[in-house]
Structures are given as structure tokens and as C-alpha cells.
Amino acid sequence: MSAPAHRYEDAVARYFEAWNAEDPAARAKAVAAAWTEDGGYTDPLADVAGHEQIAALIAAAREQFPGFVFRLAGAVDGHHDTARFSWELVSETDDSAPVAGSDVITLDGQGRIRAVLGFLDRVPAGA
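Okay, so let's go over this structure. (Residues numbered from 1 in each chain as written. Predicted model: local features only at pLDDT ≥ 70, side-chain atom pairs only at ≥ 80, totals over all residues. Heavy atoms only, no water.)

This part covers the nonpolar core. In this structure, Tyr15, Trp19, Trp35, Tyr41, Phe85 and Ile105 are the most contacted members of the largest nonpolar core, which totals 31 residues. No other element matches helix H1 (residues 3-20), which puts seven residues into this core. Those residues in contact with tryptophan 19 that lie beyond four places of it in its chain are Trp35, Tyr41, Leu57, Ile58, Ala61, Arg62 and Phe70. (Core = buried A, V, L, I, M, F, W, Y, C linked by side-chain atoms within 4.5 Å. Buried < 20%, exposed > 50% of the residue type's maximum accessible area, 1.4 Å probe, protein only. Helix = DSSP H or I, 4+ residues; strand = E, 2+ residues; numbered from the N terminus. Contact = heavy atoms within 4.5 Å.)

Set out below in C-alpha cells:
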């Protein structure tokens with residue numbers, strides 16, 4: 001794998017570490033490691049910026065789907081300062097994945113996320 005590919009893979013790994021952090025302190029640390037200070041996250045249901053708002057959004061999603069983890073679905077593809085990838089929200093008890101999406105991230109020079117544009121590909125009714 002080339003150095004640039006590692007950059008994208010590493011950024012996405014930190015992204016999932018933040019989304020899967022159960023403990024608020026660990027989540028705050030993971031968000032700070034993954035995003036720039038003024039980084040943002042936008043999807044059809046949210047538009048937030050800054051570490052506190054991103055951590056709060058992640059906490060709300062974890063509360064809505066207890067016992068679920070975010071997992072990469074496929075390969076990470078990237079060029080320049082942009083990467084895209086797909087993910088699933090998977091039940092730890094039965095491996096069902098009721099929610100899935102695709103995200104596009106923009107990175108800074110150190111490989112931290114400046115922006116996430118998220119798309120929801122599969123969402124259960126009433127979620």
C-alpha cells in the first residue's frame with residue numbers, strides 16, 4: 001500500500017474509533033485525534049462543527065443504537081485530500097446491519113478530518 005493510501009486508511013480508522021468509543025472521555029479523545037479543531041460533520045440528519053458537537057452527535061447515535069458498532073464496508077478510496085468509504089452499523093449480537101451509508105472526508109495536511117459529508121444508504125423506518 002502506498003503512503004497516500006495509508007493516510008486515507010489511517011484517517012478512516014480514527015474516524016471509526018471515534019464513532020465506536022463507548023466512554024465519553026475516550027470518545028472526546030478519539031474525536032480530537034480524528035478531526036481538526038474546527039472540523040465538521042454533515043449528513044441528511046445533522047450538521048455540526050467542532051469537537052464538542054461531533055462528540056455529542058456520536059453519543060446521540062450510540063444512544064439510539066445501543067449494542068451496535070460502525071464497521072467499514074469495502075475499501076477506502078482516496079485522492080489528494082479526499083477519501084470516500086462505505087460503512088454499516090452492525091449489531092454485536094446478531095450481525096444485522098439496519099443502517100448503512102457512504103461518507104466523503106476531506107483531510108488536512110496532517111491527515112485529520114476537516115469535513116465529513118455523509119450519505120445514508122439504508123435506514124430503518126422510524127429511525
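Before going further, it helps to spend a moment on the pairing of strand E5 (residues 82-91). With five bridges joining them, strand E3 (residues 68-72) and E5 adopt antiparallel strand pairing. Bridge pairing links valine 69 to valine 90 in E5. Between the antiparallel neighbours strand E4 (residues 77-79) and E5 lie two residues, among them histidine 80 with a positive phi of about 50°. Direction of pairing for E5 relative to strand E6 (residues 99-107): antiparallel, over a ladder of eight bridges. Bridging across to E6, phenylalanine 85 finds its partner in aspartate 103. (Pairing = 2+ DSSP bridges.)

What follows concerns the packing of helix H2 (residues 24-34) against helix H3 (residues 51-64). Between H2 and H3, whose axes approach to 9 Å, the crossing angle comes to 125°. The angle between H2 and H3 falls in the class oblique. Note on packing geometry: the crossing formed by H2 with H3 is right-handed. In this structure, H2 uses Arg27, Val31 and Ala32 to contact H3, whose residues at the interface are His51, Ile54, Ala55, Ile58, Ala59 and Arg62. For the contact of H2 with H3, the per-class residue count stands at six nonpolar, one polar and two charged. (Axes fitted to C-alpha atoms, helices over the stretch in contact; angles between N-to-C directions. Parallel < 35°, antiparallel > 145°, perpendicular 65-115°, else oblique. Left-handed = near helix turned anticlockwise from the far one by under 90°. Nonpolar A, V, L, I, M, F, W, Y, C, P; charged D, E, K, R; others polar.)

Here we come to the pattern of salt bridges. For the structure on display, the rule yields five salt bridges. Arginine 7 serves as the salt-bridge partner of aspartate 81, at 3.0 Å between the closest nitrogen and oxygen. Here aspartate 81, found in the loop between E4 and E5, pairs with arginine 7, found in helix H1; they are 74 residues apart in sequence, far enough to count as distant. Here aspartate 81 falls in the partly exposed class, since its relative accessible area comes to 33%. When its relative accessible area of 22% is taken as the criterion, arginine 7 is described as partly exposed. (Salt bridge = Lys/Arg side-chain N within 4 Å of Asp/Glu carboxyl O.)

Bear in mind that shape data such as this cannot, by itself, settle questions of function.
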